[in-house]
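What the coordinates show
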Amino acid sequence: METLVLNDTDSVHVLLTNIQSLKKLRHLEDCFTDMEELPDSVTSLSNLQTLDLNHCELKVIPESISGLKSLRFLNISFNPIEELPVSVTTLSNLETLDVNTCKNLKALPEYVADLANLKIFNFENCPLLKALPEDFGALTQLRSLNLDGTDIKVLPESCSNLNNLELVYLHLCVLPKDVKNWTKLRRFYYKQRKAIISGIGKLECLQELIYLVPENEPEHSDGIEELGNLSSLVGVRDLQNVKHPIDAARANLKGKRNLIELGLHWGKKEEERVGMRSDQIFQVFEALQPPPCLRRLHVRNFMGLNRPSWICLPSLVELTLMNCKGMKQLPAGIGKLPHLRRAAPFISPSSKSGYPRLQQVVQNPLVSLFENVALGEDESQLNTSGLSCVITKGPSELSVPVKWSISAPED
């Protein structure tokens, strides 16, 4: 026998008592059981390659786990364990170690460099976990790093050596000073608004990135122009920190031929835009022209008075404008876009009479907080035959969205 599955099995500890006799066993699954201890009969299976123990009642992983010399996959997620034994680090063939959602896990082994073949180390949703081992950067085969649901605030400096990472989710953790060695990174998420990070421009494999433009500080000379070499991204936030349209143009959004979805966000608070004139904000927006292949565009908190000349992108399927109070009108060309299916300018119920094709408004008591946005001076020339529904959404705290639709003009 090479595979044994004991999921949802009662009295599983009895069944495992003599399992050491299964010398050729390669895969063992014992999930969703009441097992509280891992018996030595299991840890003596020297040919075992996969051990899945998720959703059990394990409180301790025995030091004898070092006997699983051939183990490549170890899943002990959703267990009440408090720590991993040092002997886990002797499993030199281990490629996957999953301890996610171990709510009582307080620490990882002090040194993990011996897990040289580890590609997946999943410890998200471990809220008591406060730090990574200082030699964590020695795990150079790691493909992902996800700190979501942990209390890890700072990455060890050695993490800059993780040159095979493809996905990084740092949540509120302080970013490393330099990420230029993460050259294989495809998805990069972080939420540190005051982050100062160098090397983004070197990550040419990036497919998804939420980039926060840093404030101008003496020790940080790079800014949005770092995005110039990237082929794709998802969002650019804190655009109030871009002071000059030349810097915005250097981000080369227009040249990103793989760009499908883009969010452009300015700071929400008025004090974040101090010192910027309306025409200056507009010139930055104009210089952030996306490529014609863009399908979804989301703009938030733009306070300029004019719309960019490029906003009628031919491939647009979805257009969202949130809190763009200064943008009073959109061009009539919006209605002629052949692929547009969803658009979200804010309107108030009182403006319904100005839209002969407006069929339905679900009134929200807070919708009047937003300025009206007209669909252009000459509505008679709008071609809305491909526009099936327009949906507007208020801020996240609003529970009732405004919904309206436009039908094609009658012959």
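Scroll up to find the structure this text is about.
Quantities reported herein were computed from a predicted structural model and do not represent experimental measurements. (Residues numbered from 1 in each chain as written. Predicted model: local features only at pLDDT ≥ 70, side-chain atom pairs only at ≥ 80, totals over all residues. Heavy atoms only, no water.)

1. Focus on unusual backbone geometry
Peptide bonds are mostly trans, and most non-glycine residues show a negative phi. One non-glycine residue, S11, lies in positive phi territory at about 50°. Looking at where S11 falls in the secondary structure, it is placed in the loop between β1 (3-5) and α1 (12-15). (Helix = DSSP H or I, 4+ residues; strand = E, 2+ residues; numbered from the N terminus.)

2. With respect to the environment of M35
As for its placement among the helices and strands, M35 is situated in the loop between β2 (27-29) and α2 (40-43). We classify M35 as buried; its relative accessible area is 3%. With 23 residues separating them along the chain, M35 and L58 place their C-alpha atoms 6.3 Å apart. (Buried < 20%, exposed > 50% of the residue type's maximum accessible area, 1.4 Å probe, protein only.)

3. A look at the side chain of D52
In this structure, D52 sits in strand β3 (residues 50-52). Among buried Asp, Glu, Lys and Arg side chains, D52 stands out as unpaired, with R72 the closest opposite charge at 16 Å. Among the polar contacts listed, one links the side chain of D52 to the side chain of N54, at a separation of 2.7 Å. A distance of 3.3 Å separates the side chain of D52 from the side chain of N75, its partner in a polar contact. Not counting residues within four places of it along the chain, the set of residues in contact with D52 comprises L28, E29, D30, C31, F73 and N75. (Lys, Arg positive; Asp, Glu negative; His and termini not counted. Salt bridge = Lys/Arg side-chain N within 4 Å of Asp/Glu carboxyl O. Polar contact = N/O pair within 3.5 Å; in protein donor to acceptor, adjacent residues only side chain to side chain. Contact = heavy atoms within 4.5 Å.)

4. Some details on helix α4 (residues 278-287)
Every buried residue belonging to α4 is among Q280, I281, F282, V284 and F285, and all of these are buried. Its buried side turned inward, α4 meets α3 (245-250), β12 (261-265) and β13 (296-300).

5. Quick word on the pairing of strand β10 (residues 208-212)
The element β10 is extensively covered by neighbouring structure, given that four of its five residues are classed as buried. Where strand β9 (residues 187-189) lies against β10, two bridges are found, and the strand directions are parallel. In the strand pairing of β10, R187 is matched with E208. (Pairing = 2+ DSSP bridges.)

6. A short note on the nonpolar core
If you look at the biggest cluster of nonpolar residues, it comprises 100 residues, and the most contacted ones within it are F123, F136, F188 and L264. Going through the elements one at a time, β10, β12, α4, β13 and β14 (318-322) are the ones with two or more residues in this core. Not counting the four nearest positions on each side in its chain, F123 is found in contact with V99, N100, L108, L129, L132, F136, L145, N146, L147, T150 and I152. (Core = buried A, V, L, I, M, F, W, Y, C linked by side-chain atoms within 4.5 Å.)

7. Concerning the sheet that holds β3
Taken together, the six strands give an open sheet; going across it, the order is β1-β2-β3-β4-β5-β6, and neighbouring strands pair in parallel fashion. Edge positions in the open sheet fall to β1 and β6 (120-122), since each of these has one partner strand only. Neighbour-to-neighbour, the strand axes of this sheet turn through a mean angle of 5°, independent of strand direction. As paired elements, strand β4 (residues 73-75) and strand β5 (residues 96-98) share three bridges and run parallel to each other. (Axes fitted to C-alpha atoms, helices over the stretch in contact; angles between N-to-C directions.)

8. Details of the pairing of β13
Burial along β13 is one-sided: the face carrying L297 and V299 is buried and the face carrying R296, H298 and R300 is not. In terms of strand pairing, β12 meets β13 through five bridges, oriented parallel. The residue bridging H265 from the neighbouring strand is R300, located in β13. For β13 and β14, the ladder comprises five bridges, and the chain directions are parallel. Note on β14: the bridge partner recorded for H298 is T320.

9. Considering the packing of aromatic side chains
Applying the stated criterion across every chain yields a total of nine aromatic pairs. When the centroid spacing of 6.1 Å and the interplanar angle of 80° are considered together, the rings of F123 and F136 count as edge-to-face. Remark: F136 occurs in the loop between β6 and β7 (144-146) and F123 occurs in the loop between β6 and β7; sequence separation between them is 13 residues. A relative accessible area of 0% means that F123 is categorised as buried. Taken together, W266, F285, F302 and W310 form an aromatic cluster joined through their ring pairs. (Phe/Tyr/Trp six-rings, centres within 6.5 Å; stacked < 30°, edge-to-face > 60°.)

10. Re the side chain of N79
For N79, the position within the fold is in the loop between β4 and β5. According to the relative accessible area criterion, N79 is buried, its value standing at 2%. Of note is the side chain of N79, whose polar atom sits 2.9 Å from the backbone oxygen of L53. In terms of polar contacts, N79 uses its side chain to reach the backbone amide nitrogen of C56, at 3.3 Å. Residues within four places of N79 in sequence aside, it is in contact with L53, N54, H55, C56, E57, L58, T101, C102 and K103.

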